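Here is how the chains run, residue by residue.
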Amino acid sequence: MVSQVLPPGLVASAVVSASSANLGPGFDSIGLALSLIDEIVVETTDSGLTVEVEGEGAGQVPLGPEHLVVRAVECGLRAVGVKAEGLVVRCRNAIPHSCGLGSSAAAVVGGLAAVNGLVAQTDSTPLTDTELIQLSSEFEGHPDNAAAAVLGGAVVSWTDRTGDDAKYSAVPLRLHPGIHLYCAIPEARSLTAETRVLLPAQVSHDDATFNVSRAALLVVALTERPDLLMAATEDVLHQPQRAPAMPASSEYLRLLRRNNVVATLSGAGPSLIALTTEPELPSEVLEYGAANGFTITEMTAGEAVRWSPGVTVPS
């Protein structure tokens, strides 16, 4: 129920991190925020809708009510019981689209968080982290990227289903300070929906047991024993099945692991994420990546989503 119409002239901003999901065996459950950010500014107006996009996605994404940030803003406004007669939504994007780096989750979490900046200027109550995770995961259908974008750092998330209803939850992990992060982003792009259909509807008991054990070990490796990361990031449920759709990424992944660099597909790919205990990657893997169209960037764990009334959130 709408209890208030927001006056024109309110401005709010949000900064939200990229994310890498799965990390091998943690399919749809383990996520990691990365230090690559999108910035969103939302302003209420008397009427209409204006959407402006700079950076990634500029000239490619829709600039109307179907824009994902706009949809998230409208969802957030409904959730807190307010509405706006008109909106200006400005997006400055650094997270590549269709790369497995959580760009859609960032758009949704950023839009919802910007609503908090708007309603903080009224008598309404902003959304909690629990509500941000729930609402953003409803867009995604799974909570790994969304929870990482909300909470920052590494997370374990899960889903409880009752009929057609799903409750999404997550808890943060303390990422071991000795883990260094690198992202390898190829020129090629893919959509999660296109690669998810490659996954079988059923898996063997042996494969399920393998992944359950590795996912449990991954929590230990991320938090306490990074020396176990190579074994902990083994997977048989989604990476082998997706390999034919992204041969360059699959070959680079094999090369990295042959050179003792712990690496996995980032989400559904085609980007790769490396988690190492060494401060630098071997020259061989850097040279191969550059020669085969990968941009390799060192990153740190991303922060929790930040929102503010006005435009005061630092970039």
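Relevant structure appears above.
Residues numbered from 1 in each chain as written. Predicted model: local features only at pLDDT ≥ 70, side-chain atom pairs only at ≥ 80, totals over all residues. Heavy atoms only, no water.

Draft legend 1. Representation of the overall build of the protein within the structure. Summing up its helical and strand segments, the protein has 10 helices and 13 strands in all. Relative to the 2.2 N^0.38 estimate, which gives 20 Å for 315 residues, the radius of gyration of the protein is 20 Å and therefore close to what a compact globule would have. Along the first, second and third principal axes, the C-alpha set of the protein runs to 60 × 45 × 35 Å. Of all 315 residues assigned to the protein, the portion counted as buried reaches 52%. About 13700 Å² of surface is accessible on the protein, with carbon and sulfur atoms providing 53% of the total. (Helix = DSSP H or I, 4+ residues; strand = E, 2+ residues; numbered from the N terminus. Rg over C-alpha atoms; globule rule 2.2 N^0.38 Å. Buried < 20%, exposed > 50% of the residue type's maximum accessible area, 1.4 Å probe, protein only. Areas by Shrake-Rupley, 256 points an atom, 1.4 Å probe, with all protein chains shown as cover.)

Draft legend 2. Highlighting the sheet that holds strand β12 (residues 294-299). What the 4 strands build is an open sheet, ordered β10-β11-β9-β12; its pairing is antiparallel. Looking at which strands have only one partner, the edges of the open sheet turn out to be β10 (263-265) and β12. Sheet twist, expressed as the average angle between the axes of neighbouring strands with direction ignored, equals 20 degrees. For strand β9 (residues 180-186) and β12, the ladder comprises 6 bridges, and the chain directions are antiparallel. When the sheet's bridge partners are listed, Leu-181 is paired in β12 with Met-299. Against the sheet, helix α9 (residues 247-258) engages β9, β10, β11 (272-276) and β12, with an angle of about 165 degrees to β10. (Pairing = 2+ DSSP bridges. Axes fitted to C-alpha atoms, helices over the stretch in contact; angles between N-to-C directions. Contact = heavy atoms within 4.5 Å.)

Draft legend 3. Expanded view of unusual backbone geometry. Between Gly-269 and Pro-270 the backbone carries a cis peptide bond, its omega angle lying at 5 degrees. Of note, Pro-270 is situated in the loop between β10 and β11. The phi torsion at Asn-22 lies on the positive side, around 80 degrees, for a residue other than glycine. Residue placement: Asn-22 occurs in strand β2 (residues 11-22). You will see that Asp-28, though not glycine, has its phi angle at about 60 degrees, which is positive. Tracing the sequence through the fold places Asp-28 in strand β3 (residues 26-45).

Draft legend 4. Layout of the pairing of strand β6 (residues 86-93). Here β6 lies mainly inside the structure; 6 of its 8 residues are buried. By the bridge criterion, 8 bridges tie β3 to β6 in an arrangement that is antiparallel. Paired with Ile-40 across the two strands is Cys-91, which belongs to β6. Bridge analysis of strand β4 (residues 48-55) against β6 gives 8 bridges, and the strand direction is parallel.

Draft legend 5. Broad picture of the nonpolar core. Core analysis: the biggest nonpolar cluster contains 70 residues, and Leu-32, Leu-34, Val-42, Leu-112, Leu-222, Leu-229 and Leu-275 have the highest contact counts within it. The element that contributes the greatest number of residues to this core is helix α2 (residues 103-119), accounting for 10 residues. Not counting residues up to four positions away in its chain, the partners in contact with Leu-229 are Ile-179, Leu-218, Ala-221, Leu-222, Val-262 and Leu-275. The next biggest cluster of nonpolar side chains, apart from the first, holds 15 residues, and it includes Tyr-182, Val-261, Val-285 and Phe-294. (Core = buried A, V, L, I, M, F, W, Y, C linked by side-chain atoms within 4.5 Å.)

Draft legend 6. Local environment of helix α4 (residues 144-151). With respect to burial, α4 is a largely interior element, 7 of its 8 residues being buried. Three or more residues of α4 are buried, namely Asp-144, Asn-145, Ala-146, Ala-147, Ala-148, Ala-149 and Val-150. Elements in contact with the buried residues of α4: β2, β3, α2, α3 (129-140), β7 (154-162) and β8 (165-173).

Draft legend 7. Inspection of the pattern of salt bridges at higher detail. On inspection of all chains with the given rule, the structure shows 8 salt bridges. For Glu-39, the salt bridge identified is with Arg-92, shortest N-O distance 3.0 Å. In this pair, Glu-39 is assigned in strand β3 and Arg-92 in strand β6, connecting sequence segments 53 residues apart. For Arg-92, a relative accessible area of 43% corresponds to the partly exposed category. (Salt bridge = Lys/Arg side-chain N within 4 Å of Asp/Glu carboxyl O.)

Draft legend 8. Representation of the environment of Ala-58. Its place among the elements puts Ala-58 in the loop between β4 and α1 (68-80). When the C-alpha atoms of Ala-58 and Asn-93 are compared, they prove to be 8.5 Å apart, with 35 residues separating the residues in sequence.

Draft legend 9. The packing of aromatic side chains, seen in detail. The full count for this structure, using the stated rule, is 2 aromatic pairs. Aromatic side chains Tyr-252 and Phe-294 sit 4.7 Å apart centroid to centroid with 50 degrees between the ring planes, which places their arrangement in the tilted category. With a gap of 42 residues between them, Tyr-252 in helix α9 and Phe-294 in strand β12 connect regions that are remote in the sequence. In terms of burial, Tyr-252 and Phe-294 fall into one category: buried. Three or more aromatic residues joined by ring pairs make a cluster, and in this case those are Tyr-252, Tyr-288 and Phe-294. We note Arg-214 situated over the ring of Phe-210; from NZ or CZ to the ring centre the distance is 4.1 Å. (Phe/Tyr/Trp six-rings, centres within 6.5 Å; stacked < 30°, edge-to-face > 60°. Lys NZ or Arg CZ within 6 Å of the ring centre and 35° of its normal.)

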